[in-house]
Amino acid sequence: MEHLLDITGLTVSYYTDIGRAIALNQVDLRLKQGEKLGLVGESGSGKSTMGLAMMRMIKPPGKVEGGSVVIGGVDMLQLSDKEMLKRRLSTISYIPQGAMNSLNPVLKIKRQMIDAYRAHYPDHKLDQIMDLAHEAMRSVELPEHVLEMHPHELSGGMKQRVCIAIGILLRPQIIIADEPTSALDVVTQRQVIETLNRVQQKIGSALILIGHDMGLMAQSMDKVAVMYAGEIVEINDVQTVFTSPKHPYTQALISSLPRLQNRGEFRGIPGMAPSLYRLPSGCRFHPRCNQQQPQCQTTSPRKSVFEDEKYVTCHLYEAT
Amino acid sequence: MSTATLELKNVSKLYRVGKKEVHALNPISFDLLGDPARIITVAGESGSGKTTLASIMLGLLEPTTGQVLYEGKDVSTLSGSQYRDFRKNVQAVFQDPFAVFNPFYQVDHLLEVPIRKFNPGLSKAARRKAMEEALEAVGLQPSEILGRYPHQLSGGQRQRINVARAIVIKPKILVADEPVSMVDASLRANILEALVSLRENHKVNILYITHDLTTAYHVSDSIIVLYRGSVMEAGDITKVVESPQHPYTQLLINSIPWPDLERKWDNQQYANPDIQEISGEGCKFYSRCPNRKPECQQTPNLVPLFPKHLASCRLHPPKADLDAHLTNNL
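To start, this report covers the structure provided alongside it. (Residues numbered from 1 in each chain as written. Chains lettered and ligands numbered in written order. Predicted model: local features only at pLDDT ≥ 70, side-chain atom pairs only at ≥ 80, totals over all residues. Heavy atoms only, no water.)

Residue and element names in this part refer to chain B. Taken together, the side chains of Tyr-15, Val-17 and Val-22 define a hydrophobic patch exposed on the protein surface, amounting to about 240 Å² of accessible area. Summarising the element assignment, Tyr-15 is placed in strand 1 (residues 5-17). The exposure class assigned to Tyr-15 is partly exposed, which follows from its relative accessible area of 31%. (Patch = residues over 30% accessible without salt bridge, like charges linked within 9 Å, V, L, I, M, F, W, Y side chains within 5 Å. Areas by Shrake-Rupley, 256 points an atom, 1.4 Å probe, with all protein chains shown as cover. Salt bridge = Lys/Arg side-chain N within 4 Å of Asp/Glu carboxyl O. Helix = DSSP H or I, 4+ residues; strand = E, 2+ residues; numbered from the N terminus. Buried < 20%, exposed > 50% of the residue type's maximum accessible area, 1.4 Å probe, protein only.)

Take a look at the structure:
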């Protein structure tokens, strides 16, 4: 089956005074239409950079240094700035982390939706746009009078749902949600995630949920991609990730999770993530790995690909 | 050595914004005393009054009614030396591991200031030893931490240093306001482990404030569930989490995204939390409750249902023979 999204060899670096930080290193990712992928990793593992690179929103000192992001046969990285502007929201849309800071405080919600729409279709009639705006509000289960309100009148959960409504206004093929619930309490979080799932199903787009909460991934995603120090170390279906994770880092991550059955047990991952300026040689995880082998210190592991675009990057699984 | 006690007596807090009155905290009484030491969780969503409660306990905020008693004396009337004793023994850890550091000082500074303040006259070597012990107590290697600057450390390390700072002067009570909510999930385990070891090894009583019931379940002995300033349910943590009685607690527990494929979100629909609550009389959860009845428009009392398990809900008749005092049920 043809892939909706095909990312190959995506590499992003940040150039700062103390040197080059490789935030994304040769990342590959493929998604089919309607698939839901969770992108997890610690802070600084490159998950937000990945979302921004797909949107072509990396700003200096960051730089996309290679690779391709092909959506429906078109490489986003080769488009002109003007063409890319048209693709955002209509082909690929991004729901940011802090909903409270991403809405314009002096404009009504309605105005912000109309602006977003007009940026793509300047000559459409207002009635037509308002119909779509009402429909978007209905699909995130907000009352229509919210359109007439300003952001400060809304709660955090409502603002986040407004962001989702704007994000789906043009029925994009891919929705990227970057930690959409990190500032919300559990009840609101559940409501936002369920909303996201419902609209994703309704418009049939692929969804990438960026976050570090494995619980949310277990509740609502089909696949999970685990990032470590700028690389995807494992992509697998959610079942495998939770029941028989392959990569030692994924294994450590899963066993560090608090569950109902293991009350009072704490298993943190020893050590800390490496600085992106001074990455360890060989496998980037080897200093913290409990299954380290001699070649891990010297050679970078290759991808071991399983069926359905799943893979793990670890010497333990390399065919000999 | 006597154990320090911190007691809340009918403490409430009312905020006035123009003509609008917000009951941030309705009268609540319990004590944090401790032998053996305990970890008590205060849980609730944003706006439930949990940070107000913490600020009052720390003496940072004056309650509208009621008293905070430290070793039997009202905190607001403590004399200079008594107040110093209160400040020394009741320590805090706050939410943001980035905001409390001064980027121009080495980490040592943050740890050394409280020692100089509360244990003046210690030699340099003794101070160093106290710092090393505190860092080891939270699972950090002193050699990797001392002499470093804040920007050289990760969020998880910084938050553990905050815990170390709080315990370097050996307090008896620790109020931890959302200590892990800004830390990566993979690093939370280390900080929570540090809290538990404080209780075990240093007999520190901890008030753990959070909206995350998963971590609460793992570290604490008992729990108080707040909603819009009122206690909905309280008691032994395993009882409350494993068989919640109040519809609000049930909603909270059912909304936890357990990292477990066997335990998915149920399909029960709850009314939208965005609906404005009617203030005044009645159960605070009335407008969202799936099981509401007409009599719920009168405020329910917090009553015992089982040993070590209280709830304030009219669905559940009280068991008269059980102890209704909040402290005794924690």
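Here we take up the sheet that holds strand 2 (residues 19-31) of chain A. All names here are of chain A. With antiparallel pairing, 4 strands are arranged side by side in an open sheet as 2-1-4-5. Looking at which strands have only one partner, the edges of the open sheet turn out to be strand 2 and strand 5 (74-75). Both strand 4 (residues 62-71) and strand 5 contribute to a ladder of 2 bridges, which runs antiparallel. Within the sheet, the bridge partner assigned to Ile-71 lies in strand 5 and is Val-74. (Pairing = 2+ DSSP bridges.)

Residues and elements named next belong to chain A. Summarising the element assignment, Gly-271 is placed in the loop between helix 10 (248-255) and strand 11 (303-305). Look at Gly-271 and you get exposed, because its relative accessible area is 52%. On a C-alpha basis, the gap between Gly-271 and Cys-289 in space is 9.5 Å, while along the polypeptide they are 18 residues apart.

Quick look at the interface of chain B and chain A now. Contacts between chain B and chain A engage 43 residues on the former and 42 residues on the latter. In this assembly, chain B packs against chain A so that about 3,700 Å² is buried in total across both faces, 58% of it on carbon and sulfur atoms. When the buried surface of chain B facing chain A is broken down by residue, His-218, Pro-259 and Trp-265 of chain B rank first, second and third, together holding 20% of it. Here chain B and chain A share 0 salt bridges between them. Joining chain B to chain A, the criterion identifies 5 residue pairs in polar contact (both at pLDDT 80 or more). The set of elements that each furnish at least two residues to the side of chain B that touches chain A consists of helix 7 (185-202), helix 8 (213-219), helix 9 (237-242) and helix 10 (247-255) of chain B. At 8 residues, helix 7 of chain B tops the list of elements feeding residues into the side of chain B that touches chain A. Considering only residue class, the side of chain B that touches chain A consists of 18 nonpolar, 14 polar and 11 charged. (Contact = heavy atoms within 4.5 Å. Buried area = accessible area lost by both parts, 1.4 Å probe. Polar contact = N/O pair within 3.5 Å; in protein donor to acceptor, adjacent residues only side chain to side chain. Nonpolar A, V, L, I, M, F, W, Y, C, P; charged D, E, K, R; others polar.)

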